Amino acid sequence: MLNALNEVLRDDYIKDSISGVERWNKVIEKAGIPFRLKVPHKAFHRNIGALAGVKVSPEGEVLSNEQWLANVDAWLPSDADRAFVSSLMGRVVEPGKFANWIAPPVMGINRQPVNFEYVRFNRG
């Protein structure tokens, strides 16, 4: 029964994700960018559940291990991709400062100023 419930929740999550991706595609199209985002098939790259370990393409085609290995680097981030993304994410800890990959908020929490010192370390 729990597996059936998980599958229903997973399907609902996928439907919600597809709706979000379609909203993003409208923004991309409106900007005149000739690109569309796609949600992969629900069996693609599964590590848990009934489909775990089954080699399936993003389009839903069941693949042999050789076919999977020949294409996996085009479908999933490589070590170089992960290193590049990590290089973009610099740590920033000063009050009122934000990492270059985060848009600064208009105001802070509870209408406090953006540079409000939410945590103070009292030295005694």
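Scroll up a little and you will see the structure.
Sequence order as written defines the numbering, with residues in each chain counted from 1. Since the coordinates come from a predicted model, pLDDT governs what is reported: local features require at least 70, and pairs of side-chain atoms require 80 or more to be given and counted, while whole-chain, interface and lining totals use all residues. With hydrogens and water excluded, all non-hydrogen atoms of the structure serve as input to the side-chain values.

Asks: Is there a simple way to think about the nonpolar core in this case?
Replies: Residues belong to one nonpolar core when they are buried, are Ala, Val, Leu, Ile, Met, Phe, Trp, Tyr or Cys, and are joined through side-chain atoms within 4.5 Å. When accessible area is computed with a 1.4 Å probe and restricted to protein chains, residues below 20% of their type maximum are described as buried, those above 50% as exposed, and intermediate ones as partly exposed. Grouped together as the largest cluster of nonpolar side chains are 5 residues: Phe 44, Leu 63, Trp 68, Val 72 and Leu 76. Residues count as neighbours in contact if any of their non-hydrogen atoms are within 4.5 Å of one another. Once residues lying within four places of it in the same chain are set aside, the contact partners of Leu 63 are Lys 55, Val 56, Ser 57, Trp 68 and Trp 75.

Asks: Just to check I follow, could you spell out the packing of aromatic side chains for this structure?
Replies: A ring pair, where both rings are aromatic, is described by two values, the distance of the centres and the angle of the planes. Think of it this way: a Phe, Tyr or Trp ring, Trp meaning its six-membered ring, pairs with another when their centres are within 6.5 Å, and the plane angle makes it stacked under 30 degrees, edge-to-face over 60, tilted otherwise. This structure, assessed with the given rule, holds 3 aromatic pairs. Taking the centre distance of 5.8 Å and the plane angle of 50 degrees together, the rings of Phe 44 and Trp 68 count as tilted. In this pair, Phe 44 is assigned in the loop between α1 (2-30) and α2 (65-75) and Trp 68 in helix α2, connecting sequence segments 24 residues apart. Summarising the burial analysis for this pair, Phe 44 and Trp 68 share the class buried. Look at Phe 44 and Trp 75: their rings are 6.0 Å apart centre to centre, the planes differ by 85 degrees, and that puts the pair in the edge-to-face class. With Phe 44 in the loop between α1 and α2 and Trp 75 in helix α2, this pair connects stretches of sequence that are 31 residues apart. Through a chain of ring-to-ring contacts, three or more aromatic side chains come together here, namely Phe 44, Trp 68 and Trp 75. By the criteria applied, helices consist of DSSP H or I runs no shorter than four residues and strands consist of E runs no shorter than two, each listed in order from the N terminus.

Asks: Explanation requested: the side chain of Asn 25 in the structure shown.
Replies: For Asn 25, the location among the structural elements is in helix α1. Residue Asn 25 is classed as buried on the basis of its relative accessible area, which comes to 0%. When sequence neighbours within four positions are dropped, the list of residues in contact with Asn 25 reads Phe 35, Arg 36 and Leu 37.

Asks: What is the right way to look at a nonpolar patch on the surface in this model?
Replies: A contiguous nonpolar surface patch, about 670 Å² in accessible area, is contributed by Phe 84, Val 85, Leu 88, Met 89, Phe 98, Trp 101 and Ile 102. Here Val 85 shows up in helix α3 (residues 79-88). Residue class for Val 85 comes out partly exposed when judged on its relative accessible area of 40%. Residues qualify for a patch when their relative accessible area is over 30% and they have no salt bridge, like charges being joined within 9 Å and the nonpolar side chains of Val, Leu, Ile, Met, Phe, Trp and Tyr within 5 Å. Per-residue accessibility takes into account occlusion by the displayed protein chains alone, with areas from the Shrake-Rupley method and a 1.4 Å probe. Salt bridges are counted wherever a side-chain nitrogen of Lys or Arg sits within 4 Å of a carboxyl oxygen of Asp or Glu.

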